[in-house]
Amino acid sequence: MKKTLWGIALAFGLALLFTGLKNEYARFLPGGDYGMSPLVETGGAQHVFIGSSMFRQGLDIRILEEELGESVYVLSYNGNQPFSMAMELQYLLEEGVEISHLYVDLYGYTASSAPWISDTKLLLDTDFSFKWKTWSQMEAWNDTDFLDFYEFFVTANNEQILTWPVHRRLLSSQFYKGGTLLHFPGTTREALDYSLGSREGVHPAQAEGYARIAELAKVHQIEVTFIETPKYESMYEDETYRMLLAQCQEAVAGERVLLSEETGFDNRDPGQFQDLIHLSSQGREDYTRRLCRQLRDGADAERE
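Since the model is a prediction, treat every value here as computed from it, not as a measurement.

Caption draft 1: Fine view of the nonpolar core. Ranked by internal contacts, the top residues of the largest apolar core, which has 73 residues, are Phe-49, Leu-102, Ile-213 and Phe-226. Not counting the four nearest positions on each side in its chain, Ile-213 is found in contact with Pro-82, Met-85, Ala-86, Leu-89, Leu-102, Val-104, Val-224 and Phe-226.

Caption draft 2: Geometry of unusual backbone geometry. The backbone phi angle of Asn-157 is positive, close to 70°, even though this residue is not glycine. For Asn-157, the position within the fold is in the loop between helix H9 (146–155) and helix H10 (158–162). Note on Asn-157: relative accessible area 3%, which makes it buried.

Caption draft 3: The arrangement of the sheet that holds strand E6 (residues 223–227) in detail. Spatial strand order, E2-E1-E3-E6-E7: five strands in an open sheet with parallel pairing. One side of each edge strand has no neighbouring strand; the edge strands of this open sheet are strand E2 (72–76) and strand E7 (256–258). Each strand axis lies, on average, 25° off the axis of its neighbour in the sheet, ignoring direction. Together, strand E1 (44–51) and E2 form the strand contacts of helix H4 (residues 61–68), whose direction differs from that of E2 by roughly 145°.

Caption draft 4: Highlighting the pairing of E2. E2 sits mainly inside the fold: five of its five residues count as buried. Judged by which residues are buried, E2 turns out to be covered on both faces: Val-72, Val-74 and Ser-76 on one side and Tyr-73 and Leu-75 on the other are all buried. Of the strand pairs in this sheet, E1 and E2 are connected by five bridges, and their pairing is parallel. Bridging from a neighbouring strand, Ile-50 pairs with Leu-75 of E2.

Caption draft 5: How the structure looks around the packing of helix H8 (residues 128–141) against H9. H9 packs onto H8 with a crossing angle of 160° between their chain directions and a minimal axis gap of 11 Å. It follows from the interaxial angle that H8 and H9 lie roughly antiparallel. Crossing handedness for the pair H8 and H9: right-handed. When H8 is examined against H9, the residues Phe-128, Lys-131, Trp-132, Thr-134, Trp-135 and Met-138 are found in contact with a partner set consisting of Asp-148, Phe-149, Phe-152 and Phe-153.

Caption draft 6: Region of the structure containing the packing of aromatic side chains. Under the criterion given, the structure shown has 20 aromatic pairs. Taking the centre distance of 4.9 Å and the plane angle of 70° together, the rings of Phe-152 and Phe-153 count as edge-to-face. Grouping residues by exposure puts Phe-152 and Phe-153 together as buried. With 6.0 Å between their ring centres and 80° between their planes, Phe-265 and Phe-273 make a pair best called edge-to-face. Just as Phe-265 is buried, Phe-273 falls in that class too. Members of the aromatic cluster, each reached through a chain of ring pairs, are Phe-128, Trp-132, Trp-135, Phe-146, Phe-149, Tyr-150, Phe-152 and Phe-153. If you follow Arg-242 out to its NZ or CZ, it ends over the ring of Tyr-236, 4.4 Å from the centre.

Caption draft 7: Here's a closer look at the environment of Lys-121. Within the fold, Lys-121 resides in helix H7 (residues 121–124). With 43 residues separating them along the chain, Lys-121 and Asn-78 place their C-alpha atoms 9.1 Å apart.

Caption draft 8: Spotlight on the environment of Lys-131. Along the polypeptide, Lys-131 turns up in helix H8. Residue Lys-131 is classed as buried on the basis of its relative accessible area of 1%. The spacing of Lys-131 and Glu-24 is 107 residues in sequence and 9.1 Å in space, taken between C-alpha atoms. Apart from residues lying up to four places away in sequence, Lys-131 is in contact with Asn-23, Leu-123, Thr-126, Phe-152 and Phe-153. Engagement of the side chain of Lys-131 in a polar contact is seen with the backbone oxygen of Thr-126, the distance being 2.4 Å.

Cut-off values and rules
Residues numbered from 1 in each chain as written. Predicted model: local features only at pLDDT ≥ 70, side-chain atom pairs only at ≥ 80, totals over all residues. Heavy atoms only, no water. Core = buried A, V, L, I, M, F, W, Y, C linked by side-chain atoms within 4.5 Å. Buried < 20%, exposed > 50% of the residue type's maximum accessible area, 1.4 Å probe, protein only. Contact = heavy atoms within 4.5 Å. Helix = DSSP H or I, 4+ residues; strand = E, 2+ residues; numbered from the N terminus. Pairing = 2+ DSSP bridges. Axes fitted to C-alpha atoms, helices over the stretch in contact; angles between N-to-C directions. Parallel < 35°, antiparallel > 145°, perpendicular 65-115°, else oblique. Left-handed = near helix turned anticlockwise from the far one by under 90°. Phe/Tyr/Trp six-rings, centres within 6.5 Å; stacked < 30°, edge-to-face > 60°. Lys NZ or Arg CZ within 6 Å of the ring centre and 35° of its normal. Polar contact = N/O pair within 3.5 Å; in protein donor to acceptor, adjacent residues only side chain to side chain.

See the structure below:
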């Protein structure tokens with residue numbers, strides 16, 4: 001009986017130790033070209049794009065490098081929200097990362113949601129302090145319970161850590177400087193004939209996130225541009241989407257905003273999209289070249 005109790009105590013102690021080490025030191029694991037860790041290791045980039053899967057799948061990293069002619073990094077996490085993007089930017093700056101130009105994902109549906117982390121890879125890239133601040137925001141705006149807490153701090157990413165050599169090689173084969181190397185085919189008009197539903201408006205915590213990003217950029221003398229990536233025509237013309245986009249623009253009033261329609265991208269072609277909000281590989285290449293042209297024109301206009 002005594003041996004059994006000692007065994008249970010030892011197992012509990014080791015689990016507790018593993019959890020503590022993971023939440024503070026997993027960020028030092030050598031990783032692939034994805035997430036914040038590589039950006040911290042290199043010390044920064046001239047052009048940093050921070051956003052959700054729409055940036056990851058909507059921006060071609062090779063074309064960005066070719067067209068912008070300077071160092072580029074795409075920092076993206078699935079479902080990345082303004083509140084978390086602001087925290088990520090602050091974390092990077094505190095880690096000494098230098099950024100000249102910052103480009104921020106402007107998407108109404110994530111901005112209308114209560115604070116939450118969809119992509120737990122973010123937790124692998126940060127320290128315990130970041131995680132606790134993030135959890136505090138999630139707890140304040142959601143009806144959380146112990147299972148949410150347990151998943152966030154204890155079980156999240158355990159499988160990646162335990163299989164890290166394989167996981168690292170997988171990331172390295174799929175990403176380059178944060179941008180995806182995977183190919184995504186286009187789809188059909190019939191497949192895109194659906195709606196994402198209605199929302200009430202931009203969440204106050206997300207509006208605060210946008211404001212915090214603008215504030216940090218000003219303090220650190222970083223040029224910032226908020227970018228709306230293309231959405232398929234049925235969504236782009238949807239009343240709820242238009243309302244949310246207008247509210248996002250109000251939240252970043254006074255900052256430079258680049259809307260997808262300004263690039264001349266054809267959002268009526270289903271072959272340019274995987275779904276309503278994500279571009280196909282063909283769409284990604286076309287949009288990235290158009291976006292870079294707009295960014296260069298804007299930079300030239302400012303110099304004049």
